[in-house]
Amino acid sequence: MTLESTPDSVVSETTIVPGDEWWRSAVIYQIYPRSFADSTGDGVGDLPGITKRLPALAQLGVDAIWLSPFFRSPQKDAGYDVSDYTDVDPLFGTLDDFDRLLETAHSLGLRVIADMVPNHTSDQHRWFQEALAAPEGSPERDRYMFRDGKGPNGDLPPNNWESVFGGSMWDRVTNPDGTPGQWYLHIFDKSQPDLNWENPWVREQFFGILRFWLDRGVDGFRVDVAHGMIKKAGLPDYTPPAEGASMGGTGTSAVDEDDSVPSIAEADTVLAPLIGDPEPAPEPPYWGQEGVHDIWRGWHEVLAEYEGDRVLCAEAWVDPLEKVALWVRPDEMSQAFNFAYMFTDWKASALKRVITESIDAFGGVGAPATWVLSNHDVVRHASRLALTADSPQGAGIGPLSPGKPDPVLGLRRARAATSLMLALPGSAYLYQGEELGLPEDMELPDDARQDPTWFRTNGEKYGRDGCRVPIPWESDKPAYGFNASGKSWLPQPKDWAPFARDAQEGIPGSTLSLYTDALRLRREHGLGTGALSWEPGYGKKVVAFRNGDVLVLTNLGKVAVELPVGDILLSSEEITGGALPTDTTVWIQL
Ligand code: NOJ
């Protein structure tokens, strides 16, 4: 890497000249295999179903797909509870099916990223079963986080940590002779025991697992809970702040019509608060510990043995962005999800600030900024952007939630937000179904719910099922073309026909057409590899910037804004009378 200075008008003061790896500007489409396409008709999506639908993604114009876990798993947390990292769960197919998927994707020019889940295994994994059968203090037990309980008989958990999914982070095992035994740690469900990453044996196992998939040809990994694998020495008690302590931010995206937001000229220095401002709460003793970085240096070296710029993407829920950037230093991972961006309020000043900070923080270590609005853990942004009440991340929204979003407003804002996002330099993540404008399913019946969050909080939190409902392909087919049988592991809403892919394909103004056009223009104008400079003169409620030969304007105010003369390349809503209406993004050729 070499040093270079950039003109003052360009946001990033990047001093490291980055490489030209494909992932620096890639648009990566997340497939949630359970809900994408089902070839067998059992109601759960599978790998052959995905393979058959890959041409639709090539047509959409994305560069890569990320597959949420398809490994062998009891499916207690929808596959994020792995019992064998080197096999495909029969629910999703076989290793041959995976090879066919990979080959088809590559032949279509799509790269494939697998989801690695190293923080914890399933309790059904052979390693954990062997640990249970082995005595206290044995090497088998040392693969996981076993500890003695507190109190005279060890009846109390070793500390007060609370699981992300609710309840204690500890469960007690029963010894082979029937007596109560030690406790084991699980940040998530009790069926997901945390591995002990201080143990070199664990590290070695994962080098082998990475190589197994790299040898098969995967283009990299999204790494689950990349911030949680090392726990603070001594496992001290910790009491989280009242809300939002789980996987990240608050998930609130209500609009703030505060008129005191800074002017464009001030925007670089006086900016609206991001999550966690002004002083981020102290990091919990199980998140973001310094020791995790050594693990990523080891993984980096394994990937570097392979040709083709393999990618590592961190799921690291830490705050602030300067800290997230530590995960993507040149000898660690390639990119990290930008959750600060995801949870930024629909407010011009806040967006300007988070964009500036993202480009600076990631650029400062030579990594690309990333952008994301939806995934399988959060309320879909076509609903989230119109919420009028707080919705802590992971809690979801359901029939009794307050502040339910207006679907028309939500979709309008989502289209504007995505059009803004896809014009930013760096790499962007899309979540299956957002290209159809899908909202969160807020009416799932209680007895259909599957997320462990719902069960571990006794229904206090709806959880994440509402964003995981199988997606619609054909408006007049059973299960909207998800499969031929009409079965669906989560029931699909009755009014989703207009969202189906075939109802939107080639229709001017449809959300699918908007995404397809945006992705084509992004490529044609080199926006992913471009640089951003803020454009003054459009007022406090407009996000306005140039990227290469494109001027991008998003109006978050109530009043329409006069547009400059120029060819309109893309607009998230119809433009009439030369003015940019509220909640609309436009790309103008300069
Ligand atoms: C983060 C994943 O995205 C989420 O779906 C999962 O429940 C937890 N990690 C535990 O693996």
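Here, every reference points to the structure presented above.
Residues numbered from 1 in each chain as written. Predicted model: local features only at pLDDT ≥ 70, side-chain atom pairs only at ≥ 80, totals over all residues. Heavy atoms only, no water.

Here the focus is the site of the ligand. Surrounding the ligand, one finds 14 residues, the nearest of these being Asp 77, Asp 224, His 376, Asp 377 and Arg 464. Within the side chain of Asp 377, one N or O atom sits 2.4 Å away from an oxygen atom of the ligand. Notes on the ligand: free accessible area 300 Å², of which the protein chains cover 100%. (Near = heavy atom within 4 Å. Polar contact = N/O pair within 3.5 Å; in protein donor to acceptor, adjacent residues only side chain to side chain. Areas by Shrake-Rupley, 256 points an atom, 1.4 Å probe, with all protein chains shown as cover.)

One open sheet accounts for eight strands, arranged β11-β10-β9-β5-β2-β1-β13-β12; its pairing is parallel. Looking at the sheet topology across the chains shown, the edges are occupied by β11 (335-336) and β12 (370-372). As judged from the two bridges shared by strand β10 (residues 311-314) and β11, these two strands associate in the parallel manner. Pairing of Ala 314 across the sheet is with Ala 336, part of β11. Each of β1 (27-31) and β2 (64-67) touches helix α1 (residues 47-60); the most contacted strand, β1, lies at about 150° to it. (Pairing = 2+ DSSP bridges. Helix = DSSP H or I, 4+ residues; strand = E, 2+ residues; numbered from the N terminus. Contact = heavy atoms within 4.5 Å. Axes fitted to C-alpha atoms, helices over the stretch in contact; angles between N-to-C directions.)

As a further point, take the packing of α1 against helix α2 (residues 95-107). The N-to-C vectors of α1 and α2 enclose an angle of 15°; their axes lie 9 Å apart at closest approach. When the axis of α1 is compared with that of α2, the two are roughly parallel. Relative to α2, the crossing made by α1 is left-handed. Counted together, Leu 47, Pro 48, Ile 50, Thr 51 and Leu 54 of α1 and Asp 97, Phe 98, Arg 100, Leu 101, Thr 104 and Ala 105 of α2 form the full contact between these two elements. (Parallel < 35°, antiparallel > 145°, perpendicular 65-115°, else oblique. Left-handed = near helix turned anticlockwise from the far one by under 90°.)

Moving on: the packing of aromatic side chains. Summed over all chains, the structure comprises 35 aromatic pairs. Look at Trp 127 and Trp 201: their rings are 5.4 Å apart centre to centre, the planes differ by 75°, and that puts the pair in the edge-to-face class. Of the two residues, Trp 127 is situated in helix α3 (residues 126-133) and Trp 201 in helix α4 (residues 200-216); the sequence distance between them amounts to 74 residues. Given the relative accessible area of 31%, Trp 201 is considered partly exposed. An aromatic cluster of three or more residues is present, and its members are Phe 70, Phe 71, Tyr 85, Phe 98, Trp 127, Trp 197, Trp 201, Phe 206, Phe 212, Trp 213, Trp 296 and Trp 299. The cationic tip of Arg 449 hangs over the ring face of Trp 454; the distance from NZ or CZ to the ring centre is 5.5 Å. (Phe/Tyr/Trp six-rings, centres within 6.5 Å; stacked < 30°, edge-to-face > 60°. Buried < 20%, exposed > 50% of the residue type's maximum accessible area, 1.4 Å probe, protein only. Lys NZ or Arg CZ within 6 Å of the ring centre and 35° of its normal.)

It is worth spelling out the nonpolar core at this point. Of all hydrophobic cores here, the largest spans 144 residues; its most connected members are Phe 221 and Trp 299. Once residues within four sequence positions are removed from consideration, Phe 221 is found in contact with Ile 113, Ala 114, Met 116, Leu 210, Trp 213, Leu 214, Leu 303, Val 311, Leu 312 and Cys 313. In terms of nonpolar packing, the next biggest core, distinct from the first, is built from 15 residues, Met 145, Met 169, Leu 185 and Phe 188 among them. (Core = buried A, V, L, I, M, F, W, Y, C linked by side-chain atoms within 4.5 Å.)

What follows covers helix α13 (residues 511-524). With 14 residues, α13 extends 20 Å from end C-alpha to end C-alpha; this agrees with the ideal 20 Å at 1.5 Å per step. Regarding α13, the residues found buried are Thr 511, Leu 512, Ser 513, Leu 514, Tyr 515, Ala 518, Leu 519, Leu 521 and Arg 522. Backbone geometry just after α13 places Gly 526 at a positive phi near 60°. (Expected span 1.5 Å × (residues − 1).)

Before going further, it helps to examine the pattern of salt bridges. Scanning the entire structure with this criterion turns up 34 salt bridges. A salt bridge links Arg 464 to Asp 77, with the shortest nitrogen-to-oxygen separation between them at 3.3 Å. With Arg 464 in the loop between α11 (452-456) and α12 (501-504) and Asp 77 in the loop between β3 (71-72) and β4 (84-88), this pair connects stretches of sequence that are 387 residues apart. Exposure class is identical for Arg 464 and Asp 77. Each is buried. With its nearest N and O atoms 3.3 Å apart, the salt bridge here joins Asp 583 to Arg 413. Here the residue Asp 583 occupies a position in the loop between β19 (579-580) and β20 (584-589), and Arg 413 occupies one in helix α10 (residues 407-421), the gap between them amounting to 170 residues. (Salt bridge = Lys/Arg side-chain N within 4 Å of Asp/Glu carboxyl O.)

A word on the environment of Val 469. Tracing the chain through its elements places Val 469 in the loop between α11 and α12. We classify Val 469 as buried; its relative accessible area is 1%. Residues within four places of Val 469 in sequence aside, it is in contact with Ser 35, Asp 441, Leu 444, Leu 490, Pro 491, Gln 492, Pro 493 and Trp 496.

The next point concerns the pairing of strand β16 (residues 550-555). Extensive coverage of β16 is indicated by the burial of six of its six residues. Between the end of strand β15 (residues 542-547) and the start of β16, which pair antiparallel, lie two residues, with Gly 548 showing a positive phi angle near 60°. Taken together, the six bridges between β16 and β20 define a ladder with antiparallel strand orientation. Each residue of the ladder has a partner; that of Leu 551, found in β20, is Ile 588.

So, on to the sheet that holds β20. Read from one edge to the other, the open sheet built from five strands follows the order β14-β15-β16-β20-β18, with strand pairing classed as antiparallel. Single-partner strands in this sheet number two, and they are β14 (532-534) and β18 (567-571). Taking the axes of each pair of neighbouring strands and ignoring which way they run, one obtains an average angle of 25° across the sheet. In this sheet, β20 lies alongside β18 in antiparallel orientation, the contact comprising four bridges. When the sheet's bridge partners are listed, Ser 571 is paired in β20 with Val 586.

Cis geometry is adopted by the peptide bond preceding Pro 320, which originates at Asp 319 and carries an omega value of 0°. Residue placement: Pro 320 occurs in the loop between β10 and α6 (321-324). Phi at Val 225 takes a positive value of approximately 50°, unusual for a residue other than glycine. With respect to the secondary-structure elements, Val 225 resides in the loop between β9 (220-223) and α5 (292-304). Backbone geometry places Leu 235, a non-glycine residue, at a positive phi of 45°. Along the chain, Leu 235 turns up in the loop between β9 and α5.

Attention shifts here to the state of the cysteines. In protein chemistry, a disulfide is the covalent bond that joins the sulfur atoms of two cysteines. This model, assessed by the stated rule, comprises zero disulfides. In this structure Cys 313 is not part of a disulfide, and its nearest cysteine sulfur, from Cys 467, lies 17 Å away. (Disulfide = S-S within 2.5 Å.)

This part takes up the environment of Asp 237. Tracing the backbone shows Asp 237 in the loop between β9 and α5. Residue Asp 237 is classed as partly exposed on the basis of its relative accessible area of 46%. With residues near it in sequence (within four places) discarded, Asp 237 still touches Lys 150, Asn 159, Asn 160 and Trp 161. Within polar-contact distance, the side chain of Asp 237 engages the backbone nitrogen of Asn 160 at 3.0 Å.

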